Every structure is written in structure tokens, then in C-alpha cells.
Amino acid sequence: MSIWRHADVFDSVAQPHRLTLGEGDTPLVRSRSIGPAAGMTNLWFKLEMVNPSGSYKDRFAAAAVSHMAADGKRRCIATSSGNTGAALAAYTAAAGIACKIAIVETAPEAKLLQMLAYGADIFRVRGFGLDPEVTKVVFAALEEAASADDAQLQISAFRYSPRGMGGVRSVACELAEQHDGPIDHVFCPAGGGGLALAVAEGYAKLLSAGKVERSARVECVQPEGNNTIAGPLREGAEKAQPVQCTSKVSGLQVASVVDGDEVIPACRASGGTGHLVPDDATWEAQRRLAADEGVFSEPAGAISVAAALRAVAAGEVDRNATVVCLVTGSGFKDMPSVERMLAGRQAPLLEMGDVAAYVGA
């Protein structure tokens, strides 16, 4: 199984060039603890961390690299805060395509090691992903380098790679298959906004094809310290806004607009709005997902759960609504956040004679 069985919702590529590592068809599981504790009867988690490289970005990479192979491209030039780079590094390795990636300064070490393990050539840029001007300059340099005939720029945004991001629309297709009946809300973590836009477009295509009764409301979720899209969407603005990012949530530190101007009308048309979450609430949602649900998420994946809980508590979302939170990446991607969550807890090292007493305590 792979995203290619939903190729009708994105720009497909000829069968011989369709690359897959088994991405997609990720589980949709019902909350056993967090939802009931909040009075929510139908809270669900879409577990995107079980994709081959550990995040939903594999949907993007499968489509993007397949198109590169079909077009005869031999060099992938990319930018990433972590998960995009890991996904591209994995899929270009499988395709035999060279991969060079500019990394956001604050990307977690685990993600860098993963990219290096796949054989990618990576480098970090000071201020990249945090400062809009630095980000703009880096993007321009990458676009120039990718203008060579044998190269292609891959950034997980419709603005830069619409054919690759088309693969992410498969999330909506799977949700329509997996849940018995309409879904009311889908909470989507947003950095540049491509995921929310892809889900909204996927639902729009399903609706026009008569495959769903109605679209889910696509909810755009961002950290308070990276309010490029969610705030303007909530406040009725027509355009996104660049910001100086202050959030510590890795993967969602995208200070520039990217897909934001398209996300706002797409989410609004679905009936969704924007949600801003303080970093502390995201850390707590990450902790509860692991401790209460057995779901090991990085903070960027847990923010959707934090937003859904806050929306229900504020009366913005009905407690009986069917709510899906996209849990977009694995906790193994961001080990410093796990260390923060554990607050110094460690496994004790016992002498063998102490085991019986310790286990029996």
C-alpha cells in the first residue's frame, strides 16, 4: 500500500517512475484517555509518525522524488527544519539522486543524524527559519543553485513544489476511507502551512468527486510565537504575515509566509479557522500523548492535540464533534523535547541482588 493508490487527487507520474517506501495508510486511532478526560466522545489521532522516515513528509517526498526521476533530475537541492530533509534524504537515496539540504539553525540533532545516515549533504545556516530576511536570502540562493538543468529545488510547500505537495492530499483520502461517517474537524500543525492546504484541497477534490458528503473543517494550528497564518485566519484577514519567530517548537519555526496566503481561503472555505498555542501547552500535550495514550510524538505533532483541547474548552468546538488531530512526527525526531518532558527521570542501575526488592515495591 502507498499514496499512489490515491494518485487521482494529485499530479501523478507514470508507473515506472513511482517511488515508494510504503508511505501512507497510517493508523487512525481513537483516544482512550485524553478525549474522555476532556469530555470529548470522538477524538481521534492520525499517526503520521509511522511513515518510513517518521513523519508525514514522506508523502511529499514520494511524489516529489518520483517526479524528479521521471524528469531525469540527478540533484535535489532542498531546505528543511528536519522532517522534510529526512524524507527527501531517504527517497533520493532510494532513487539514486544526490541531495544537498540547507537546514534551519535550530533543527534537532536527531534529524540531522538521520539525514546524514541516508547520505545527504547537509549544512545549517545561522538565523535561517527564524529571521524572515535571512530566510528570504537563503531561499534565493537555493533557487539560483537549483536552476541548473540537472537539479531541482524541493521545499515542502505548494509555492515551491506543487507536484510534491500534491502527494500530501492523500491524507484526506485516507481519512475519508478510515472513518465511518463524516469528520467534523481536522487539526493540522502548520509551519509554512502546506499540510493544512493539502488536506483542504484533498477534501475539496473528494467533495467534487462525490466521495464525501461534506468537507471536514480544516483547522490551522501554529505556535503563538510563529503566528504567520493562524492569527490572520482567525481575525478575518485575507493574507498571511511574516513574523520574527520566537517559538521553540522545532518544525514549526517558519517565519515567512510560504503557503499562508493560500491556506487562509482554503481553510476558511472548509469552515475551519486558526488556532494559536503557547509552547507550554504543546509540551504538555506531548507528555500526555506518551503517558496517557502510548503515542510517542515530537512537539510539532502534539500541537494539534493541544489546539483541539483548547478549542473544546473555549466552546469553539462541540465536545461531541468528530475531531481528528494529525500527529505528524515521531518523538525520536526531537530527543531534547523528550528530555524536557522527563524532567531528569532516568532508569536506575541496580545490583542484581536489588532486583527482587525493586520490582516488588
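The residue numbers shown here count from 1 along each chain, following its written sequence. Per-residue local features are limited, in this predicted model, to residues with pLDDT of at least 70; the limit for side-chain atom pairs, both in listing and counting, is 80 or more; totals at the level of whole chains, interfaces and linings are taken over all residues. With hydrogens and water excluded, all non-hydrogen atoms of the structure serve as input to the side-chain values.

Some words on the sheet that holds strand 3 (residues 75–80)
Thinking step 1. Here, a strand pair is defined by DSSP locating no fewer than two bridges between the strands. Put simply, DSSP H or I for four residues or longer makes a helix, DSSP E for two residues or longer makes a strand, and each gets a number counted from the N terminus. Taken together, four strands build an open sheet; the order of strands is 5-4-3-6 and the sheet is parallel. With partners counted over all chains shown, the strands left at the sheet margins are strand 5 (121–125) and strand 6 (151–154), one partner each. Mean inter-strand twist for the sheet, computed between neighbouring axes without regard to direction, equals 20 degrees.
Thinking step 2. Pairing between strand 3 and strand 6: four bridges, direction parallel. Residue pairing for strand 6: Arg75 is matched across the bridge by Ala151.
Thinking step 3. Sitting on the sheet, helix 4 (residues 109–117) touches strand 4 (98–104) and strand 5, and the angle it makes with strand 5 is about 150 degrees.
Thinking step 4. Where helix 5 (residues 132–145) meets the sheet, its contacts fall on strand 3, strand 4, strand 5 and strand 6, and the angle it forms with strand 3 comes to roughly 175 degrees. Between N-to-C directions, angles span 0 to 180 degrees; the directions come from axes that are lines fitted to C-alpha atoms, helices contributing only their stretch in contact. A contact between two residues is defined here by any heavy atoms of the two lying within 4.5 Å.

Quick word on helix 4
Thinking step 1. Residues of helix 4 that are buried: Lys111, Leu112, Gln114 and Met115. Seen from one end, helix 4 has its buried residues packed into an arc of 160 degrees, which puts them on one side.
Thinking step 2. On its buried side, helix 4 packs onto helix 3 (83–95), strand 4 and strand 5.
Thinking step 3. Positive backbone phi, approximately 100 degrees, marks Gly119, located one or two places after helix 4. Three exposure classes are used, based on accessible area relative to the maximum for each residue type with a 1.4 Å probe and protein chains only: buried under 20%, partly exposed in between, and exposed over 50%. The arc in question is the one traced by the directions running from the helix axis out to the C-beta atoms.

Description of the pattern of salt bridges
Thinking step 1. A carboxyl oxygen of Asp or Glu within 4 Å of a side-chain nitrogen of Lys or Arg is what we treat as a salt bridge. Evaluated as defined, the whole model comprises 16 salt bridges.
Thinking step 2. Between Asp8 and Lys211 there is a salt bridge whose closest N-O contact spans 3.0 Å. With Asp8 in the segment before strand 1 (28–30) and Lys211 in the loop between helix 8 (194–208) and strand 8 (217–223), the pair connects residues that are 203 residues apart, well separated along the chain.
Thinking step 3. A residue is classified by how much of its surface remains accessible, and Asp8, at 54% relative accessible area, is exposed.
Thinking step 4. The partner of Arg75 in a salt bridge is Asp150, with the nearest N and O atoms 3.1 Å apart. With Arg75 in strand 3 and Asp150 in the loop between helix 5 and strand 6, the pair connects residues that are 75 residues apart, well separated along the chain.
Thinking step 5. A single network of salt bridges, built from pairs that share partners, joins Lys46, Glu48, Arg59 and Glu174.

Some details on the packing of aromatic side chains
Aromatic ring pairs are reported here in terms of the distance separating the ring centres and the angle at which the planes meet.
Thinking step 1. Only Phe, Tyr and Trp rings are paired, with Trp represented by its six-membered ring, and only when their centres lie within 6.5 Å; those with planes under 30 degrees apart are stacked, over 60 edge-to-face, the remainder tilted. Applying the stated criterion across every chain yields a total of four aromatic pairs.
Thinking step 2. Taking the centre distance of 5.9 Å and the plane angle of 75 degrees together, the rings of Phe128 and Phe139 count as edge-to-face. On the criterion of sequence distance, the pair formed by Phe128 in the loop between strand 5 and helix 5 and Phe139 in helix 5 is long-range, its members being eleven residues apart.
Thinking step 3. Considering the side-chain rings of Phe139 and Tyr160, the 5.2 Å spacing of their centres and the 80 degrees angle between planes classify their relative orientation as edge-to-face. With Phe139 in helix 5 and Tyr160 in the loop between strand 6 and helix 6 (162–166), the pair connects residues that are 21 residues apart, well separated along the chain.
Thinking step 4. Accessibility expressed as a relative area gives 10% for Phe139, which makes it buried.
Thinking step 5. Residue classification places Tyr160 among the buried residues on the basis of a relative accessible area of 16%.

Here's the deal with the sheet that holds strand 8
Thinking step 1. The six strands lie next to each other as 1-2-10-7-8-9, forming an open sheet whose pairing is mixed. Each edge of the open sheet carries a strand with a single partner, namely strand 1 and strand 9 (274–277). In this sheet, adjacent strand axes meet at a mean angle of 25 degrees when their direction is disregarded.
Thinking step 2. As judged from the five bridges shared by strand 7 (residues 185–189) and strand 8, these two strands associate in the parallel manner. Within strand 8, the residue paired with Val186 across the bridge is Val218.

Quick word on the pairing of strand 8
Thinking step 1. Of all the seven residues making up strand 8, six are buried; the element is thus mostly covered by neighbouring parts of the structure.
Thinking step 2. A crossover counts as right-handed when, viewed with the strands pointing away from the observer, the path leading from the first strand over the helix to the second turns clockwise. For the crossover that starts at strand 7, traverses helix 8 and ends in the parallel strand 8, the hand is right-handed.
Thinking step 3. Two strands pair when backbone bridges link them, and strand 8 and strand 9 are joined in this way by four bridges, in the parallel orientation. Paired with Pro223 across the two strands is Val277, which belongs to strand 9.

Section: the nonpolar core
Thinking step 1. We call a set of buried Ala, Val, Leu, Ile, Met, Phe, Trp, Tyr and Cys residues a nonpolar core when their side-chain atoms join them within 4.5 Å. Judged by nonpolar contacts, the single largest core of 67 residues is most densely connected at Met115, Val186 and Val199.
Thinking step 2. Among the elements that line this core, the one with the most residues is helix 8, at eight residues.
Thinking step 3. Not counting the four nearest positions on each side in its chain, Val186 is found in contact with Leu175, Val199, Tyr203, Ala216, Arg217, Val218, Glu219, Val324 and Leu326.
Thinking step 4. Counting 30 residues, the second-largest nonpolar core is a separate cluster that includes Trp283, Val295, Ala300 and Cys325.

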